[in-house]
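Notes for the structure review
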Amino acid sequence: MRISLNWLRELVEIKLSPEELAETLTMAGFEVEDIEDRRTWANGVVVGKVLERQPHPNADKLSVCQVDIGATETLNIVCGAANVKADIYVPVATTGTYLPNIDLKIKPAKLRGVPSQGMICSLKELGLPTDVDGIHIFTQENLPLGSDVRPLLGLDDVILDLTATANRADALSMVGVAREVAALTGGKLSISQPGEVSITKSTGNLALKIADTQACPAYIGTVIEQVKIAPSPEWLQQRLRAAGVRPISNVVDITNYVLLEWGQPLHAFDRDRLKSVASSENLTIGVRFVNNGESLKTLDGQTRTLSTQNLLITANDKPVALAGVMGGEETEVHEGTQSLVLEAALFDSVAIRRSSRSVGLRSEASGRYERGVNRAELEIANRRALSLISELASGILVQQEIADTRPDPSTWSRSIALRLDRVNQILGPIDLGEDTGELQEQDVERILTALGCQLTPSGEDSSHQPAWSVSVPPYRYRDLEREIDLIEEIARLYGYNRFCDTLPEKSEGGYLPLDEELIRKLRAFLRAEGLTELIHYSLVKPGEDRQIVLSNPLFVEYSALRNDLISGLIDAFQYNLEQGNGALNGFEIGQIFWREEDGFQETEALAGIIGGDRTVGKWSKGGREEPITWFEAKGILESVFRQLALEVEFQPDRRDDRLHPGRTASLWIRGSRLGIFGQLHPQLRREKGLPDSVYVFQLDLDVLLESVGQDEILVPAFQPYSTYPASDRDIAFFAPVKISVAEIQKVITKASKDLLESVELFDEYRGENVPEGQRSLAFRLVYRASDRTLTEAEVEPVHNKVREALVEKFGVNLRS
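Residues numbered from 1 in each chain as written. Predicted model: local features only at pLDDT ≥ 70, side-chain atom pairs only at ≥ 80, totals over all residues. Heavy atoms only, no water.

Attention now goes to the overall build of the protein chain. Counting secondary structure elements, the protein chain contains 21 helices and 42 strands. Relative to the 2.2 N^0.38 estimate, which gives 28 Å for 816 residues, the radius of gyration of the protein chain is 40 Å and therefore markedly larger than a compact globule would have. With respect to the principal axes defined by its C-alpha atoms, the protein chain has extents near 125 × 85 × 70 Å. Buried positions account for 47% of the 816 residues belonging to the protein chain. For the protein chain, restricting intrachain contacts to residue pairs at least 6 apart in sequence, the fraction spanning at least 24 positions comes to 67%. Summed over all atoms, the accessible surface of the protein chain reaches about 42,100 Å², with 47% contributed by carbon and sulfur. Of note, the protein chain has its 88 positive side-chain charges centred 4 Å away from the centre of its 121 negative side-chain charges. (Helix = DSSP H or I, 4+ residues; strand = E, 2+ residues; numbered from the N terminus. Rg over C-alpha atoms; globule rule 2.2 N^0.38 Å. Buried < 20%, exposed > 50% of the residue type's maximum accessible area, 1.4 Å probe, protein only. Contact = heavy atoms within 4.5 Å. Areas by Shrake-Rupley, 256 points an atom, 1.4 Å probe, with all protein chains shown as cover. Lys, Arg positive; Asp, Glu negative; His and termini not counted. Charge placed at Lys NZ, Arg CZ, Asp CG, Glu CD.)

Structure below.
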């Protein structure tokens with residue numbers, strides 16, 4: 001919010017310089033992003049009067065003016081504005097003046113042969129927005145010549161661009177900022193309460209109908225007649241411009257002014273246009289949610305299709321405004337408006353937030369309603385607006401209707417128990433220069449009283465320290481809820497920089513938890529295999545089984561929690577291909593969520609996707625693509641498992657219909673299911689336009705970390721190397737296709753007992769001379785002892801046991 005110091009000084013006493021005030025506010029949690037010193041914009045610009053205007057002898061579009069600035073001699077100034085003429089008061093930049101907004105220093109010059117001793121300025125050249133194309137002409141009469149123009153243009157001001165935290169709705173108003181400045185600096189507040197306004201009639205043709213009192217707990221509608229629409233007075237326009245608001249007309253400017261001053265949004269309807277929409281002389285202003293199929297053309301000129309989340313203001317049940325967000329174009333105030341209906345209302349913050357988000361429209365009003373408007377000052381803001389409309393637009397108040405379902409005013413505040421011992425326990429010691437100390441009773445009372453709280457002593461707490469019952473003012477009702485909130489306020493106003501910042505006497509080196517250390521290793525291993533780490537949103541489109549759907553989503557596309565990581569990786573792979581980036585080989589570690597009968601479940605998973613040609617150059621292959629094979633993709637995973645010292649078993653699996661039913665395996669560690677690995681189904685691959693061979697995997701990270709975290713893996717035992725030669729044997733046989741190599745290796749290992757050092761599949765063949773439904777497999781078995789050289793008599797019986805076990809277990813047909 002842009003804060004005018006001239007305006008702020010009318011509300012609170014300020015003894016600090018703009019820079020000091022900005023530092024004070026920033027240290028108190030209100031970040032001042034910029035200090036706009038407008039006093040420098042027109043330093044050296046004075047009031048002048050054009051005495052004579054003559055055409056330039058050498059240029060059709062230039063004029064030669066004689067300008068009196070109260071000096072001994074008149075100035076000869078060449079001006080190019082079309083609206084310059086004699087007998088007008090204008091701003092004149094004298095020789096030596098620097099205009100920072102156009103980066104120009106005024107020097108004596110000759111324009112087309114005619115000397116010029118200054119420049120007659122437009123508002124744009126002085127940094128002010130304007131619709132006038134030409135120089136600025138003062139409307140005031142008999143201005144003192146040579147006087148500073150800055151007070152006349154509102155340029156004797158400094159603007160602070162202040163950002164308040166989301167919980168401080170009260171700081172979105174000049175009154176709220178004034179209260180904060182008073183609490184921080186001890187300055188005297190001068191917030192005047194508007195007096196009561198008189199209503200000439202007690203009854204009329206206006207009625208209210210609030211369909212949802214929770215969404216609209218209070219609504220005040222006031223009928224104002226004989227309104228004269230005109231430009232606002234200069235003081236009001238200057239304040240709006242300083243706040244970054246464009247002046248429009250007196251009535252609209254007044255509603256914006258009260259919004260800035262009190263933080264209460266208002267809206268003025270043209271009553272005659274309301275009657276036209278309602279098709280009746282009798283008006284019923286209503287508040288309700290949208291019915292299906294309704295639309296509204298808002299003040300920004302856009303026709304918006306509404307949803308049932310939108311809260312409407314209606315005239316005889318016909319939409320005229322988006323409640324708390326923006327008015328409708330059909331009933332806006334215009335130059336010919338003669339009567340008004342002024343709306344001052346309270347709307348539920350959640351209802352306005354949903355309404356604003358559903359139409360993608362945020363306004364100054366919605367931003368305040370979303371954070372929460374002070375319900376205790378609704379009438380004050382309404383009276384302030386009505387008195388200004390009566391004064392500046394000659395309006396006569398003829399009727400006022402009120403619908404109020406707010407709770408009793410006694411509930412607009414709350415009492416919070418506060419203990420001095422708890423304050424010092426949370427905040428710690430304060431720095432007293434050469435010594436340290438604690439916050440005292442009088443410090444707490446002074447700070448909270450300055451914030452508008454009322455403190456009532458409540459004796460002593462269990463540690464015999466003072467305690468209070470603190471009554472919170474209505475304008476801080478939303479953010480001061482608990483004792484810790486009061487403690488935060490004490491620290492903020494006392495000054496965070498005044499508390500001790502000493503470190504503990506003893507410190508020790510930090511360390512990572514075991515799980516985090518293992519995850520970092522896992523990431524490093526995956527990156528070493530050429531996989532890029534990816535991060536996706538946890539929110540996805542709805543429609544999957546057992547999916548958890550959000551009740552209040554940001555968008556429909558992000559309205560459910562993901563129940564796996566594979567879908568996001570497939571979409572990322574497809575997107576990179578479409579963008580010409582080639583195959584994306586990557587992995588992701590993230591949370592997944594799903595619904596069970598006994599409630600919601602959540603776990604952390606690791607997933608990856610591998611595909612495309614992994615070779616660096618294709619020149620040696622004639623430019624041909626060589627898609628990665630099943631065994632190469634599986635080898636990437638096995639390499640990671642090997643570095644983690646894990647023995648993972650692959651078993652055939654066909655439960656995931658996104659994966660190839662004959663090229664998918666489930667992964668197991670010691671009887672616990674680790675995850676799944678497989679090739680994408682050809683149908684899905686064609687739909688997505690992916691390469692021939694794309695493989696994905698997803699692992700349960702908890703199972704993986706639990707297995708890696710076993711003591712025998714974390715602290716491996718040394719196995720001595722054998723110094724004796726090995727004896728190797730090959731074995732070949734026909735085996736049914738349905739029998740996996742993993743099962744065969746388990747049987748071979750079990751049958752060979754302790755002599756077998758390794759077993760490796762080195763050949764597979766299917767085709768001619770191989771029985772139907774079978775394949776030819778050949779394994780190399782390496783036998784070795786650690787204490788002797790094995791003899792034929794020792795190896796052969798063991799090898800025969802392996803042959804017998806394979807025949808007995810699987811019925812293989814031995815070939816060797």
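Text resumes after the structure shown.
We now examine the environment of Ala365. Residue placement: Ala365 occurs in helix α9 (residues 364-371). Separated by 343 residues in the primary sequence, Ala365 and Val708 place their C-alpha atoms 56 Å from one another. Each residue touching Ala365, except ones within four places of it in the same chain, is listed here: Pro265, Gly324 and Val325.

Turning to the pattern of salt bridges, a few remarks are in order. With the rule as written, the count across this model stands at 48 salt bridges. A salt bridge links Arg492 to Glu489; the nearest nitrogen and oxygen atoms lie 2.7 Å apart. Placement of the pair is Arg492 and Glu489 together in helix α13 (residues 483-494), with a separation of three residues, close to one helical turn. Each of Arg168, Asp170, Glu180, Arg476, Asp479, Glu489 and Arg492 takes part in a single network of salt bridges with overlapping partners. (Salt bridge = Lys/Arg side-chain N within 4 Å of Asp/Glu carboxyl O.)

A sheet is described by the order of its strands in space; here four strands give the open sequence β40-β41-β39-β42, paired in antiparallel fashion. Edge positions in the sheet fall to β40 (756-765) and β42 (813-814), since each of these pairs with one other strand and no more. Of the pairings in the sheet, the one linking β40 to strand β41 (residues 774-783) comprises eight bridges and is antiparallel in character. Directly across from Leu756, in β41, lies its bridge partner Tyr783. (Pairing = 2+ DSSP bridges.)

Next up on the list: the sheet that holds strand β11 (residues 119-120). For sheets, the rule is that strands pair by backbone hydrogen bonds, running either parallel or antiparallel. Pairing within the open sheet is antiparallel, and its five strands lie in the order β5-β4-β3-β6-β11. Only two strands of the sheet have a single partner each, and these edge strands are β5 (75-79) and β11. Bridging between strand β3 (residues 45-55) and strand β4 (residues 63-68) involves six bridges; their strand directions are antiparallel. If you follow Pro55 over to β4, its bridge partner there is Ser63.

Viewed as axis vectors pointing N to C, helix α11 (residues 420-427) and α13 meet at an angle of 65°, and their least axial separation amounts to 10 Å. As α11 runs across α13, the sense of the crossing is right-handed. The residues of α13 that touch α11, namely those facing Arg422, Val423, Ile426 and Leu427, are Glu483, Ile484, Ile487, Ile490 and Ala491. Within the contact of α11 with α13, the residues separate by chemical class into seven nonpolar, no polar and two charged. (Axes fitted to C-alpha atoms, helices over the stretch in contact; angles between N-to-C directions. Left-handed = near helix turned anticlockwise from the far one by under 90°. Nonpolar A, V, L, I, M, F, W, Y, C, P; charged D, E, K, R; others polar.)

With 117 residues, the main nonpolar core has Leu8, Ile313, Phe347 and Leu418 as its most contacted residues. When residues no more than four places from it in sequence are discounted, the contact partners of Ile313 are Tyr219, Phe269, Ile285, Gly286, Val287, Lys318, Pro319, Val320, Ala321, Ala323, Glu343 and Phe347. In terms of nonpolar packing, the next biggest core, distinct from the first, is built from 35 residues, Leu667, Ile669, Tyr695 and Phe697 among them. (Core = buried A, V, L, I, M, F, W, Y, C linked by side-chain atoms within 4.5 Å.)

Considering the arrangement of structural elements, one finds Arg241 in helix α5 (residues 234-242). In terms of polar contacts, Arg241 uses its side chain to reach the side chain of Gln237, at 2.9 Å. Aside from chain neighbours lying at most four places away, what touches Arg241 is Arg38, Pro129, Glu234 and Pro247. (Polar contact = N/O pair within 3.5 Å; in protein donor to acceptor, adjacent residues only side chain to side chain.)

All chains considered together, the criterion is met by zero disulfides. Cys79 forms no disulfide, and the closest cysteine sulfur to it belongs to Cys65, at a distance of 5.3 Å. Looking at the unpaired Cys121, the closest cysteine sulfur is the one in Cys79, lying at 9.5 Å. (Disulfide = S-S within 2.5 Å.)

Attention now goes to the packing of aromatic side chains. Per the stated rule, a full pass over the model turns up 11 aromatic pairs. Their ring planes at 90° and their centres at 6.4 Å tell us that Phe650 and Phe677 sit as a pair that is edge-to-face. Taken together, the positions of Phe650 in strand β35 (residues 649-652) and Phe677 in strand β37 (residues 672-680) put the pair 27 residues apart, joining distant regions of the chain. Phe650 sits in the buried class, given a relative accessible area of 12%. For Phe677, a relative accessible area of 0% translates into the label buried. Between Phe733 and Phe779 the ring centres are 5.8 Å apart and the planes differ by 15°, which places this aromatic pair in the stacked class. Taken together, the positions of Phe733 in strand β39 (residues 727-736) and Phe779 in strand β41 put the pair 46 residues apart, joining distant regions of the chain. Residue class for Phe733 comes out buried when judged on its relative accessible area of 0%. (Phe/Tyr/Trp six-rings, centres within 6.5 Å; stacked < 30°, edge-to-face > 60°.)

A separate point is the pairing of strand β33 (residues 586-596). Every other side chain in a regular strand lies on the same face of the sheet, so the side chains alternate between the two faces. Among the 11 residues that make up β33, eight are buried, leaving the element largely enclosed by the rest of the structure. Bridge count for strand β29 (residues 532-533) against β33 is two bridges, and the pairing is parallel. Bridge assignment links Thr532 to a residue of β33, and that residue is Gly586. The pairing of β33 with strand β34 (residues 599-611) spans 11 bridges and is antiparallel. Bridge pairing links Phe593 to Glu602 in β34.

Looking at the element boundaries, Leu814 is found in strand β42. Taking the C-alpha atoms as reference points, Leu814 and Ala735, 79 residues apart in sequence, are found 8.8 Å from one another. With residues up to four places along the chain from it excluded, the contact list for Leu814 reads Ile731, Ala732, Phe733, Arg803 and Val807.

Right, let's get into the environment of Glu438. Its place among the elements puts Glu438 in the loop between β26 (436-437) and α12 (441-450). Judged by its relative accessible area of 47%, Glu438 is partly exposed. Between the alpha carbons of Glu438 and Asp421 there is a distance of 9.7 Å; along the sequence they are 17 residues apart. Those residues in contact with Glu438 that lie beyond four places of it in its chain are Asn424 and Ile430.

We now examine a positive patch on the surface. A contiguous patch of positive charge, built from Arg353, Arg354, Arg357 and Arg478, is present on the exposed surface. Relative to the elements of secondary structure, Arg353 occurs in helix α8 (residues 349-358). (Patch = residues over 30% accessible without salt bridge, like charges linked within 9 Å, V, L, I, M, F, W, Y side chains within 5 Å.)

This part is about the packing of helix α6 (residues 250-262) against helix α10 (residues 378-393). In contact at an axis separation of 10 Å, α6 and α10 are set at 150° when each is read in the N-to-C sense. Read as a crossing pair, α6 and α10 show a hand that is right-handed. Side by side, α6 and α10 meet where Asn250, Val251, Ile254, Tyr257, Val258, Glu261 and Trp262 of the first sit next to Ile380, Ala381, Arg384, Ala385, Leu388, Ile389, Leu392 and Ala393 of the second. In the contact of α6 with α10, the residues fall into 12 nonpolar, one polar and two charged.

Once that is clear, we can look at unusual backbone geometry. Non-glycine residue Arg112 carries a positive phi angle of around 55°. Residue classification places Arg112 among the exposed positions, given a relative accessible area of 55%. A positive phi angle, close to 60°, is found at Ser394, a residue other than glycine. Looking at the secondary structure, you find Ser394 in the loop between α10 and β23 (396-404).

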